[in-house]
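# Structural characterization, general
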Amino acid sequence: MDKKQNKRQSNVGNIKKHLATAETKLVNGVFVFHGPLTISDFSKKINVNAASILTIFFKKGVMKNINSSLNEEEIAELCLEFNLDFKKEDVVDAQNILDKLEIIDDPNDLVSRPPIVTIMGHVDHGKTTLIDQIRKSNVLDTEFGGITQHTGAYQVKFKDRRITFLDTPGHEAFTEMRSRGAKVTDIVIIVVAADDGVKPQTIEAIDHAKAANVPIIVFVNKIDKPNVDLEKVKSQLSEHNIVCEEWGGDIQFVYGSAIKNKNIDQLLEAIFLQADLLDLKANLNRDPIGTIIESKLDRGKGVVSTVIVQNGTLYPRDFIVAGGQYGNIRSLTTVEGKPLDKAFPGMPCIITGLNKNPLAGDKFIVLSDEKFAKKMAEEKQYLDKQKELSEKNSIIVKDGIKTINIIIKTDVQGTAEAIKNSISKIKNDEVIINVIRSGAGEINKADIILAEASNARIYAFNNEGLNSDVKKMAESKNVKIIKHNIIYKIIEELSLLIKTLKEPVYEEKLIGEAIVIQLFYYSKVGTIAGCKQMQGICKEFSKVEVYRKNKMIFKGTINSLKREKNDVKIVEKGFDFGTHIKDFDKIEVDDELKFYEDVIKNDE
């Protein structure tokens, strides 16, 4: 083992700290919370009588009870009312730990790392020829039909500096990785053929780069061709908010020819300039983190994964967790197959040793505590499965605002813009609609991939064509496609959708009354009230008010409901039953119980 390997800073402490149980509490005048709370729970946490909180709302003309839920804004307002600071923290678990993990390195330990660049653009505009020239090797000869057939990563050296390129088969792989939270790409180069201009896949590439919030450099290729109109290309790109520096924008444009090897050096210089602005740094002396670029099963070697190290230094025999998979690194090589004794930040490499194939875009982390690492990976597997089952057509919630992402595909571009403008006006205080793409033409696979990555639904207007492969893909990825031929139907549907997504207002409904006729005591539970149902019904987990001599003495919920010795979900009028009231053991014979359930208040 390399001596430096022993001296690396461990990730285990950081992970365990972030995974610490999320606790809602008041600490030194700061109220720390993680989501909505009932008035009852909030009052207990800050040690304030619930009645005083209800009074605050009453004075504002808002009727609430102790079981009413407080949203983030209401909690913040109440904290200010009681002279408390407040802080909302996210719940961190094995599923999102690598997204939430903040590793703060000592600035003195940081060194510059190579930028990681993805090249995208319309088919036949010269992406593969460009990367071929950059790598100084003939990729085209080894690939079917001149189309890139795999996802790979390559590193090149230019003027004593290195650049890592991700070579992806179209935009789908880029977006697939982004859908799993991968933020591996630092810079996107969009290749546009000077003789062909902006095409549908050019626009897709722009959409994907913007959605990932990654800086863009435009390489205008094939300037050696006759009848080239560079001003037209600039104008077309400006229509998509890609404005070159010479027109007062902030996007670097490089004009060249990949096949003639013209101005490739200028492109590499532009990448370094953008990288310097980003100030990309990493710490060599820590256990590494990075991203899986691709992974496959090899009969002789087992799971073979292409990875990029983003921070730290990777060694053979490191124990690695990648998504829900784990294992010791058995071999570490360059992407060309040359053995490595270590891999530095920004470097792509090939590893073997994982137990199963991780997904492209899964983050990996090296953990020195193998038992803890395995447990974390297995928990992530379980949580991912649960999320998959519950996330069909889900709605994104950010900063307390629900966002419905929409893709619009129409028969003509003008209609797409008209629908987009109409939809942009649909919103309320809690829900907004975000059109992430609008355009003319049939729904294609790129639309499905973008919809999956962005949790979007697709609206097709006067657009009946849907390729069977695209339809199967949409079904497999749980992407919802809705077809309409009347614009107001789309507006009507979305207006109804955001109304139903608005946080429901509940009111308590009295469902039954009972009287306590005898008491039982069990040491493990407490006092069980033997009751007779006098009116209506009692349901499992009902809310309950306890009255003694016509005065309410307690309000809470029941946590058990039994008839004879059997658990039941409901008790009807005239029947005897036993129940235990949560956090209340001072029940007495002849106490009256009133049962309630929350029903959604009708605004109509």
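Residues numbered from 1 in each chain as written. Predicted model: local features only at pLDDT ≥ 70, side-chain atom pairs only at ≥ 80, totals over all residues. Heavy atoms only, no water.

The name an unreviewed UniProt entry gives the protein is Translation initiation factor IF-2, with Metamycoplasma faucium as the organism. Of the comments in the UniProt record for the protein, the one headed Sequence similarities (unreviewed entry) reads "Belongs to the TRAFAC class translation factor GTPase superfamily. Classic translation factor GTPase family. IF-2 subfamily." You can read under Subcellular location (unreviewed entry) in the UniProt record for the protein the words "Cytoplasm". (UniProt positions renumbered as here; feature names shortened; annotations may be inferred.)

Next up on the list: helix H5 (residues 72–81). The complete set of buried residues in H5 reads Glu74, Ile75, Ala76, Leu78 and Cys79. Tucked into the core, H5 has its buried residues touching strand S2 (30–33), strand S3 (37–38), helix H3 (39–46), helix H4 (50–59), strand S4 (69–70) and strand S5 (85–88). The first or second residue beyond H5 is asparagine 83, which carries a positive phi of 60 degrees. (Buried < 20%, exposed > 50% of the residue type's maximum accessible area, 1.4 Å probe, protein only. Helix = DSSP H or I, 4+ residues; strand = E, 2+ residues; numbered from the N terminus. Contact = heavy atoms within 4.5 Å.)

A large share of strand S7 (residues 116–121) lies buried, amounting to 6 of its 6 residues. Residues of S7 alternate between two faces, with Ile116, Thr118 and Met120 on one and Val117, Ile119 and Gly121 on the opposite face, all of them buried. Bridge count between S7 and strand S9 (residues 161–167): 3 bridges; the pairing is parallel. Within S9, the residue paired with threonine 118 across the bridge is leucine 166. As judged from the 5 bridges shared by S7 and strand S10 (residues 187–193), these two strands associate in the parallel manner. Within S10, the residue paired with isoleucine 119 across the bridge is isoleucine 189. (Pairing = 2+ DSSP bridges.)

Let's shift gears to the packing of aromatic side chains. Applying the stated criterion to the full structure yields 7 aromatic pairs. Where phenylalanine 31 meets phenylalanine 42, the ring centres are 5.1 Å apart and the plane angle is 90 degrees; that geometry is what we call edge-to-face. One end of the pair, phenylalanine 31, is in strand S2; the other, phenylalanine 42, is in helix H3, and 11 residues separate them in sequence. Phenylalanine 42 gets classed as buried once you look at its relative accessible area, which sits at 0%. Where phenylalanine 253 meets tyrosine 255, the ring centres are 6.3 Å apart and the plane angle is 45 degrees; that geometry is what we call tilted. For the residue pair phenylalanine 253 and tyrosine 255, the accessibility class agrees, reading buried in each case. The rings of Phe31, Phe33 and Phe42 are connected pair by pair, giving a single aromatic cluster. Stacked on the ring of phenylalanine 57, the Lys or Arg lysine 64 has its end atom at 5.2 Å from the ring centre. If you follow lysine 594 out to its NZ or CZ, it ends over the ring of tyrosine 547, 4.7 Å from the centre. (Phe/Tyr/Trp six-rings, centres within 6.5 Å; stacked < 30°, edge-to-face > 60°. Lys NZ or Arg CZ within 6 Å of the ring centre and 35° of its normal.)

Considering all chains together, one arrives at 25 salt bridges under this definition. Note that lysine 64 is salt-bridged to glutamate 74, the shortest N-O span being 3.4 Å. Here glutamate 74 lies in helix H5 and lysine 64 lies in the loop between H4 and S4, a separation of 10 residues in the sequence. Looking at glutamate 74, the relative accessible area reads 16%, which means it is buried. With a shortest N-O distance of 3.0 Å, lysine 234 and glutamate 231 are connected by a salt bridge. Of this pair, lysine 234 and glutamate 231 are both found in helix H10 (residues 230–238), 3 residues apart, which corresponds to roughly one turn of the helix. Since its relative accessible area comes to 9%, lysine 234 is described here as buried. (Salt bridge = Lys/Arg side-chain N within 4 Å of Asp/Glu carboxyl O.)

Two numbers describe how helix H14 (residues 445–453) lies on helix H15 (residues 468–476): the axes approach to 9 Å, and their chain directions differ by 10 degrees. If you check the angle between H14 and H15, you find them roughly parallel. For the pair H14 and H15, the contacting residues are Lys445, Ile448 and Ile449 in the first and Asp469, Val470, Met473 and Ala474 in the second. For the contact of H14 with H15, the class distribution of residues is 5 nonpolar, no polar and 2 charged. (Axes fitted to C-alpha atoms, helices over the stretch in contact; angles between N-to-C directions. Parallel < 35°, antiparallel > 145°, perpendicular 65-115°, else oblique. Nonpolar A, V, L, I, M, F, W, Y, C, P; charged D, E, K, R; others polar.)

The next point concerns the side chain of threonine 164. In this structure, threonine 164 sits in strand S9. On the accessibility criterion, threonine 164 (0% relative accessible area) is buried. A distance of 2.4 Å separates the side chain of threonine 164 from the backbone oxygen of glycine 346, its partner in a polar contact. Setting aside residues no more than four positions away along its own chain, threonine 164 makes contact with Pro114, Pro115, Ile116, Val117, Tyr154, Gln155, Ile308, Gly346 and Pro348. (Polar contact = N/O pair within 3.5 Å; in protein donor to acceptor, adjacent residues only side chain to side chain.)

Another point: the sheet that holds S5. Strand order in the open sheet formed by 3 strands is S1-S2-S5, and the pairing between neighbours is mixed. Among the strands making up the open sheet, the edge pair consists of strand S1 (25–27) and S5. Within the sheet, the average angular offset between the axes of one strand and its neighbour, ignoring direction, is 25 degrees. With 4 bridges joining them, S2 and S5 adopt parallel strand pairing. Considered in S5, the bridge of phenylalanine 31 is made with phenylalanine 86. Against the sheet, H5 contacts S2 and S5, and its axis sits at roughly 160 degrees relative to S5.

Here we come to the sheet that holds strand S20 (residues 363–366). Pairing between sheet strands relies on hydrogen bonds along the backbone, with the strands arranged either parallel or antiparallel. The 7 strands are arranged S17-S16-S20-S14-S15-S19-S18 in an open sheet whose pairing can be described as antiparallel. On the outer flanks of this sheet lie strand S17 (325–328) and strand S18 (331–333), each paired with one strand and no other. Averaged over neighbouring strand pairs, the angle between their axes works out to 30 degrees when direction is ignored. Where strand S16 (residues 319–322) and S17 come together, 4 bridges link them in antiparallel fashion. In the strand pairing of S17, isoleucine 320 is matched with glycine 327.

A few words now on the environment of glycine 152. By secondary structure assignment, the location of glycine 152 is in strand S8 (residues 152–158). Once the C-alpha coordinates of glycine 152 and isoleucine 293 are considered, the two residues, 141 residues apart in sequence, prove to be 7.0 Å apart.

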